Amino acid sequence: MEIVQLVGFALIATFLIILLKEQKPVISLSLTLGAGAIIFLFILTPVESALELIRTLSGQAGINNMYMETLLKIIGIAYLAEFGAHIARDADQEAIAAKVELAGKMIIIMLAIPIFQVLIETVLSLIPGAA
């Protein structure tokens, strides 16, 4: 599916959702969730290719694989949390959307702690008489 087909699909889905929202809200919500899932699945292949390229380039640059994997996980969690929050908002569940965003932020902080630790240790090693 090319981007033109994806946008066409999204526009058709949006039109159908708007038409059905008043008379059939359950079907409208189901269409919204289904269209979102299809769009999400569409982007998985290009994202997978991009991730492989990033891994290859970071390996060539000599960057520690743990740092790259952590950064990629953080980016993935940010996008998934945003996607989940948008789905909750589509269902008029703002409170759940806020909780999904908060959970994503907390997981990101937990994943980033080892990177912060290494960063602080590096800075301290550069300061004479520190530590």
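Scroll up to find the structure.
Residues numbered from 1 in each chain as written. Predicted model: local features only at pLDDT ≥ 70, side-chain atom pairs only at ≥ 80, totals over all residues. Heavy atoms only, no water.

## Here's the deal with unusual backbone geometry
Of note in this structure, D92 is not a glycine but carries a positive phi near 60°. Relative to the helices and strands, D92 is located in the loop between α3 (65-90) and α4 (94-126). Taking the relative accessible area as the measure of exposure, D92 reaches 64% and is therefore exposed. (Helix = DSSP H or I, 4+ residues; strand = E, 2+ residues; numbered from the N terminus. Buried < 20%, exposed > 50% of the residue type's maximum accessible area, 1.4 Å probe, protein only.)

## Topic: the environment of H86
On the secondary structure map, H86 appears in helix α3. Assessed through its relative accessible area of 39%, H86 is described here as partly exposed. Residues H86 and V118, spaced 32 residues apart in sequence, show a C-alpha to C-alpha distance of 34 Å.

## Quick notes on the layout of surface pockets
Of the pockets and cavities examined, the largest pocket occupies roughly 710 Å³. The wall of the largest pocket is formed by 28 residues, among which F40, I43, Y79, L80 and F83 lie closest to the centre. Counting only elements with at least two residues in the lining of the largest pocket, the list comes to α1 (3-21), α2 (25-61) and α3. Ranked by the residues each element gives to the lining of the largest pocket, the list is headed by α2, at 13 residues. Residues that form the lining of the largest pocket fall into these classes: 20 nonpolar, five polar and three charged. In this structure, the second largest pocket is lined by I17, K21, P25, S28, L29, T32, R89, D90, A91 and D92. Every element with two or more residues in the lining of the second largest pocket is listed here: α1, α2 and α3. If you tally residues by element for the lining of the second largest pocket, the top one is α2, at four residues. Looking at the lining of the second largest pocket residue by residue, the class counts come to four nonpolar, two polar and four charged. (1 Å grid on protein atoms, 1.4 Å probe; cavity = no way out; pocket = protein on both sides within 12 Å on 5 of 7 lines; lining within 4 Å. Points joined across faces, edges and corners; volume = space filled by probe spheres on them. Nonpolar A, V, L, I, M, F, W, Y, C, P; charged D, E, K, R; others polar.)

## Details of the packing of aromatic side chains
Taken as a whole, this structure holds one aromatic pair when the rule is applied. For the pair F40 and F83, a centre-to-centre distance of 4.9 Å together with 25° between the ring planes defines the contact as stacked. Separated by 43 residues along the polypeptide, F40 in helix α2 and F83 in helix α3 bring together distant segments of the chain. (Phe/Tyr/Trp six-rings, centres within 6.5 Å; stacked < 30°, edge-to-face > 60°.)

## As for the pattern of salt bridges
One pass over the structure, following the stated rule, counts three salt bridges. Residues E69 and R55 are paired through a salt bridge, measuring 2.8 Å at the closest nitrogen-oxygen approach. Note that E69 is positioned in helix α3 and R55 in helix α2, a separation of 14 residues in sequence. R55 gets classed as partly exposed once you look at its relative accessible area, which sits at 33%. (Salt bridge = Lys/Arg side-chain N within 4 Å of Asp/Glu carboxyl O.)

## Considering the environment of V7
Position of V7 relative to the elements: it lies in helix α1. Sequence-wise, V7 and I39 are 32 residues apart; in three dimensions their C-alpha atoms are separated by 9.4 Å.

By themselves, these are just geometric observations and shouldn't be taken as functional.
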